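# Examining the three-dimensional arrangement
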Amino acid sequence: MKHTDERPRPAPALPTREPVRLVDRHGRRVGHSSFTAPDPARLVELHRAMLIGRRFNQQAGTLARQGRLAVYPSSTGQEAAQVGGVLALSDQDWLFPTYRDSVALVAHGVDPVRTLTLFRGDWHCGYDPHRYRCAPQCTPLATNASHAVGLTYAARRKGRDVAALAMMGDGATSEGDAHEAYNFAAVWNTPVVFLVQNNHWAISVPLHRQTAAPTLAHKAVGYGMKGYHVDGNDAAAVYAVVSHALAEARAGGGPAIVEAVTYRVDPHTNADAPQRYRDPAEVEHWKERDPLIRSERLIRDEGLLGDAEETERALAAFGAEADRIADTVRERLADGDELDPRSLFTDVYATVPPLLEQEHALLADELREV
Ligand SMILES: Cc1ncc(C[n+]2csc(CCOP(=O)(O)OP(=O)(O)O)c2C)c(N)n1
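Residues numbered from 1 in each chain as written. Predicted model: local features only at pLDDT ≥ 70, side-chain atom pairs only at ≥ 80, totals over all residues. Heavy atoms only, no water.

## Comments concerning the overall build of the protein chain
Along the protein chain, the regular secondary structure elements total 14 helices and seven strands. Principal-axis analysis of the C-alpha atoms gives the protein chain an extent of 75 × 70 × 45 Å. Within the protein chain, the fraction of its 370 residues that count as buried is 50%. Intrachain contacts of the protein chain at a sequence separation of at least 6 include 73% that bridge at least 24 residues. Of the roughly 17,700 Å² of accessible surface on the protein chain, a fraction of 52% belongs to carbon and sulfur atoms. Side-chain charges in the protein chain split into 41 positive and 50 negative, and the spacing between the mean points of these groups amounts to 3 Å. (Helix = DSSP H or I, 4+ residues; strand = E, 2+ residues; numbered from the N terminus. Buried < 20%, exposed > 50% of the residue type's maximum accessible area, 1.4 Å probe, protein only. Contact = heavy atoms within 4.5 Å. Areas by Shrake-Rupley, 256 points an atom, 1.4 Å probe, with all protein chains shown as cover. Lys, Arg positive; Asp, Glu negative; His and termini not counted. Charge placed at Lys NZ, Arg CZ, Asp CG, Glu CD.)

## Some remarks on the environment of Ala 317
Along the chain, the position of Ala 317 falls in helix α13 (residues 308-332). Between the C-alpha atoms of Ala 317 and Arg 48, which are 269 residues apart in sequence, the distance is 9.6 Å.

## A word on the pairing of strand β6 (residues 226-231)
Burial analysis of β6 places five of its six residues in the buried class, which makes it a mostly covered element. Handedness of the crossover joining β6 and strand β7 (residues 256-261) through helix α10 (residues 235-253): right-handed. (Right-handed = clockwise from strand over helix to strand, strands pointing away.)

## Here we look at the site of the ligand
Contacts to the ligand come from 15 residues, most closely from Tyr 99, Arg 100, Gly 171, Ala 172 and Trp 201. Measuring from an oxygen atom of the ligand, one finds a backbone N or O atom of Gly 171 at 2.8 Å. Of the residues in the shell around the ligand, the class split is seven nonpolar, five polar and three charged. (Near = heavy atom within 4 Å. Polar contact = N/O pair within 3.5 Å; in protein donor to acceptor, adjacent residues only side chain to side chain. Nonpolar A, V, L, I, M, F, W, Y, C, P; charged D, E, K, R; others polar.)

## Regarding a nonpolar patch on the surface
Together, Phe 184, Val 187 and Trp 188 line one region of the surface with nonpolar side chains, adding up to about 300 Å² of accessible area. The class of Val 187 is exposed, set by a relative accessible area of 57%. (Patch = residues over 30% accessible without salt bridge, like charges linked within 9 Å, V, L, I, M, F, W, Y side chains within 5 Å. Salt bridge = Lys/Arg side-chain N within 4 Å of Asp/Glu carboxyl O.)

## With respect to the nonpolar core
By size, the foremost hydrophobic cluster in this structure holds 69 residues, and its most contacted members are Leu 69, Tyr 72, Leu 95, Leu 116, Val 230, Val 242 and Val 258. If you tally residues by element for this core, the top one is helix α1 (residues 40-65), at 11 residues. When sequence neighbours within four positions are dropped, the list of residues in contact with Leu 95 reads Val 86, Leu 89, Ala 104, Leu 105, His 108, Arg 133, Cys 134, Ala 135, Leu 165 and Met 167. Of all hydrophobic cores here, the second largest spans 25 residues; its members include Ala 135, Ala 164, Tyr 182 and Leu 216. (Core = buried A, V, L, I, M, F, W, Y, C linked by side-chain atoms within 4.5 Å.)

Structure follows, in structure tokens:
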């Protein structure tokens, strides 16, 4: 009889209930049996990218308040999860971000002005996904996860060594699309790491009303994946765990879920009123666990940027660089491509169907009359 129940990979171990942490909130290193912090140059790079991300979030929030962006979902407080995840990618890998992940895009090298195009209300993502190996920021929850599975599956069939990082929130893990992506990734053994930023809230729905799972990383086990539970405000830990998960996935060891435990300090978007559903004391609790304070303490205490004077100079230079990027975003967001509504019809079909041709002509007439 042909044996069809082949299980080439061993059953994954349960994730640890305590998140992996390599640097505590006081900036002190914590020993871990399986993971080690990256080298000093990488720790500094993580801090620099987080600083740029924090400033970028502030600038984008201001632009939204001024009405120059239609909306902005800030990731203040989540910089370690985003930067730590993205810097773990290799040059050939792809990023599949959500609306929350603009800081991840900037750390990945996407033009910061182009990153915000979506939030100006343009239907294009504003950048060339192939150039940056970065899919458009996805608003329908969890749909980017199956795109990541599809791309890596296709790449493998073409003999290309490409892994992907698919980002999602805690709420998105309850979606049917997340289930399908997890299942196909595991069955096809595609090299995808699902980075779940557990920021404790899905708009006004708290985590405990979202899921009864012990941790979101535990969800991996039912699909035959590995699940890692990591302190999402510890950039060193996120970087170490995602790097490990990507390397394993690339080597054929299967996809994984990495749950980064973090917190959304700002409102869901500028159109949200979080005082209606959450206790300000909770926000204060998390602000004490701010990822940037932690990495700055580590850098200062260990002299990773040299003596006290050299450290001040280097940190000031990072701050100035972050300001420059924010200034560029503010100035260049206004330039721009005047959006032509007719382009709605131009980028979907190679051969436009007759009905759409008619609608295109109707719109062109209307625009001429305006
Ligand atoms: C398929 C789908 N359903 C509903 C929404 C509306 N929606 C936008 S954000 C959001 C909450 C998402 O929470 P989470 O996944 O935890 O991500 P976060 O916004 O906290 O980063 C919802 C329900 C959506 N964008 N897509």
